[in-house]
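So you can see what is in the structure, the chains are spelled out below.
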Amino acid sequence: MGAFAHFLAGHFDTLRLEFWSLLVGGVANGFIYGMVAVGYTLVYGVLRLINFAHSEIFMTGGFASYFVLRAVMGTSVPSGWATFGVILVGIVVGGTAGALAATLLERVAYRTLRRRNAPKLAYLISAIGASYFLFNLAGKEFGRYNESMPQPYINHPVFTIFGAPVQLYYLVIVAAGAVMWLVLDRFVAATKLGRGIRAVAQDAETASLMGVNIDRTIAITFALGGALGGVGGFLFGLGSGVVYTMGFVPALKAFTAAVLGGIGNLRGAMIGGLILGVVESLSIAFVQAAYFDVVAFAILVLVLLVRPTGILGERLGRSA
Amino acid sequence: MLMALPAVGLTSAANAAGKPTYTIGYEGPLSGGYQQLGLNMVFAVQLAIQQANRNSKLPFKLKLATFDDQGSSTLAPAQAQAAIQNHSLVAMIGPAFSGATEAAEPYYSAAHMATVSPSATAAALAKGTMNNFMRVVAGDDVQGAADANFLVKTHGLKSLVVINNGSFYGAGLASVVAKQAKKDGASVTTYTYPTTGSCGGTASVSEYTSAATQIVASNPAGLFYGGYYCGLGLLLGALSSAGYKGTIMSDDGSWTTQLIAGTTPASAANGVYVSEAGGGNANLTGKLAAEYKALSHFTANGATYAAQAYDATNMVIQALRDVKRSPKVTVLRKQLIVQLHRMTFKGVTGVIKFQGNGDLSRSSFVDFGKVDASTNTIASVGHS
């Protein structure tokens, strides 16, 4: 018992010393999870299915921004406003590529099935097939190496929070993630298109009778989720590079985050992402990194045991 | 996964002469996150076969069949099974990775097929006597001890973090490094960071962010990474962001310029030390290097384990010439195992003679290199 108390005390001491540093890294990761989780949640909202090819939307955004940044920057490292401009280019390219890929995916892999009233299982198989097709295509075309994303800045601590350095990279993630999520939240809550999405999510048949174009609304929903996923791919690639399999683990975590926050709930997706990112980061004070993912999924199971609909609950069709 | 390459360098005259054709296999990563190491080797195997086929006095023709296991212990058994079903395949160069070798060996052993690995260094692989497994590199017991001495004795580092990627190879090598470093008087903390989704594993890349924070908090003078370049590249990026300034070293799994390409930012790979258990003249040089480059488009200097693969292939070809070749493939395979254990071969990496357990008889030394990201090279900085 004494040994166990000593063991715990040692780990809490580690947590006390490194809490703020781990928190900063966890929040940054959490924003990426959250941005990708939004894609899962939006699609689930309108189609009641999990888009398992979302990991490849993430990868598409990462590769598109990688190629464009490589062409724009060469080997130079910009500074000042040029840095801001290049980051913006990366975000726009990643987001656009993600949105286009998601729209195409909806057209090819889902719409046909929807028109034929295919069972939900067919959507699942279609999504998994599209996912395998896309990442293997990327592996064949872009190579199977992890490629380093051109850096639009020299990463450095910008300021500290209780002694914990906050890197420029983390600031970019948080700023981009927060702005994009806020814009999306307002878009869905306060625009006509957003009302259309919510109407389809609540009752597609009635929405159709009320004049909502279902196909168009679903395509827009995919595009919005894809844009955030694509930007997530760019931001993730800035730190970890790009490779054809890059989407698998982050997307799985994002799916977890979406369920954790309450699938179908936009705010829940972001909150789920943040909680997952922070908890797994803090867990390293207690367990070896080998248990990193075990902790993340143990938290998910525990939360779902207490709240089966996630932290904020499913809020389909409401203004999130 | 099975990719049978066409016969290389065969002349129509040789074909017309009706010589028997034997296939030499290569098993290693030819796709996936570690393909660079496999590609380095397979082109050297191909070069040796091409050169042999150009020799009109060769009493047989040679073909190459490649088996892509992606360096994975999960995929390796299926590749081994495919290889032993090929009844013209007489010996295997590889498997390249230690974990894949451990998983595939039972199949090769049961089929009495010689496997001469250019690069599988895990100490635990060399066992038994007169078995089918042989390697033309030193084991990790040699490399790990040399790496620890390099960090603690040569560089005077008294506190080390020793990390492994959770693989058969990485964990085995890191444990040797940790043990020797403690023996040398350093304080050692060990961590396991499993291979991530970006490198063919399933762990989250974000593990490195938190891990780097923890490492910087304890601020060790040096860090050793037992694993492959893909994972190390990601860890280096995280360590750089977290502000780690200590000495970093890794192993032969990281001795490739792909480490630089896969590190974000690339400058974070600058100054990293790597080691290679090849021992001695570990590169193809001169005319051989030029031929290798023409074939592979890789520069031989830095093509890790190309020279060893070249030697392993030539040794198998020599053994095939030396034996009284049985028309039955099962017998011929056994003949090659016996002959490979008997013979002494002078290759480009030195004199190769196997012990009963498949390890080299000679004492090998370990080469050390230093990464220069600005020139995209790994410069030799001496040996053990």
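Our subject is the structure that appears above.
Small disclaimer: the values here were computed from a predicted structure and weren't measured.

Thresholds, definitions, all that
Residues numbered from 1 in each chain as written. Chains lettered and ligands numbered in written order. Predicted model: local features only at pLDDT ≥ 70, side-chain atom pairs only at ≥ 80, totals over all residues. Heavy atoms only, no water. Helix = DSSP H or I, 4+ residues; strand = E, 2+ residues; numbered from the N terminus. Rg over C-alpha atoms; globule rule 2.2 N^0.38 Å. Buried < 20%, exposed > 50% of the residue type's maximum accessible area, 1.4 Å probe, protein only. Contact = heavy atoms within 4.5 Å. Areas by Shrake-Rupley, 256 points an atom, 1.4 Å probe, with all protein chains shown as cover. Patch = residues over 30% accessible without salt bridge, like charges linked within 9 Å, V, L, I, M, F, W, Y side chains within 5 Å. Salt bridge = Lys/Arg side-chain N within 4 Å of Asp/Glu carboxyl O. Pairing = 2+ DSSP bridges. Right-handed = clockwise from strand over helix to strand, strands pointing away. 1 Å grid on protein atoms, 1.4 Å probe; cavity = no way out; pocket = protein on both sides within 12 Å on 5 of 7 lines; lining within 4 Å. Points joined across faces, edges and corners; volume = space filled by probe spheres on them. Nonpolar A, V, L, I, M, F, W, Y, C, P; charged D, E, K, R; others polar. Domains from an automatic or database assignment.

1. Considering the overall build of chain A
Link 1 in the chain: Assigned secondary structure in chain A consists of eleven helices and two strands.
Link 2 in the chain: Along its sequence from the N terminus, chain A presents helices and strands in the succession α-α-α-α-β-β-α-α-α-α-α-α-α.
Link 3 in the chain: Scaling as 2.2 N^0.38, a compact globule of 320 residues should have a C-alpha radius of gyration of about 20 Å, and chain A matches this with 20 Å.
Link 4 in the chain: Dimensions of chain A, computed from C-alpha atoms along their principal axes, come out at roughly 65 × 55 × 40 Å.
Link 5 in the chain: In chain A, which comprises 320 residues, the proportion classed as buried is 56%.
Link 6 in the chain: For chain A, the proportion of contacts with a sequence separation of at least 24, taken over those separated by at least 6, is 78%.
Link 7 in the chain: Working note: accessible area of chain A is about 13800 Å², and carbon and sulfur atoms make up 70% of it.

2. Side note on a nonpolar patch on the surface
Link 1 in the chain: Taken together, A:Trp81, A:Phe84, A:Leu88 and A:Val92 make up a surface patch of nonpolar side chains, about 490 Å² in accessible area.
Link 2 in the chain: In this structure, A:Val92 sits in helix α3 (residues 81-115).

3. As for the pairing of strand β2 (residues 21-28) of chain B
Residues and elements named next belong to chain B.
Link 1 in the chain: Most of β2 sits inside the fold, with seven of its eight residues counted as buried.
Link 2 in the chain: Sheet topology places β2 next to strand β3 (residues 61-68); eight bridges connect them, and they run parallel. Counted as the bridge partner of Glu 27 is Phe 67 from β3.
Link 3 in the chain: Between the parallel pair β2 and β3, the chain is carried across by helix α2 (residues 35-54), and the sense of this crossover is right-handed.

4. A closer look at the layout of surface pockets
Link 1 in the chain: Taken as a whole, the largest pocket encloses approximately 1200 Å³ of empty space.
Link 2 in the chain: Around the largest pocket sit 44 residues that line it, and B:Gln70, B:Cys199, B:Gly200, B:Gly201 and B:Thr202 are the ones nearest its centre.
Link 3 in the chain: The set of elements that each furnish at least two residues to the lining of the largest pocket consists of α2 (54-73), α4 (120-142) and α9 (248-261) of chain A together with α6 (168-183) of chain B.
Link 4 in the chain: Sorting elements by how many residues they give to the lining of the largest pocket places α4(A) first, with five residues.
Link 5 in the chain: Residues that form the lining of the largest pocket fall into these classes: 20 nonpolar, 22 polar and two charged.
Link 6 in the chain: Here the lining of the largest pocket gathers at least three residues from each of two domains, domain 1 (12-139 + 281-352) and domain 2 (141-276 + 366-383) of chain B.

5. Describing the environment of A:Leu49
All names here are of chain A.
Link 1 in the chain: Its location among the elements puts Leu 49 in the loop between α1 (2-47) and α2.
Link 2 in the chain: Relative accessible area serves as the criterion here: at 6%, Leu 49 is assigned to the buried category.
Link 3 in the chain: Spatially, the C-alpha atoms of Leu 49 and Thr 103 are 16 Å apart, while their sequence positions differ by 54 residues.
Link 4 in the chain: Excluding anything up to four places from it in sequence, Leu 49 contacts Val 43, Tyr 44, Tyr 110 and Tyr 123.

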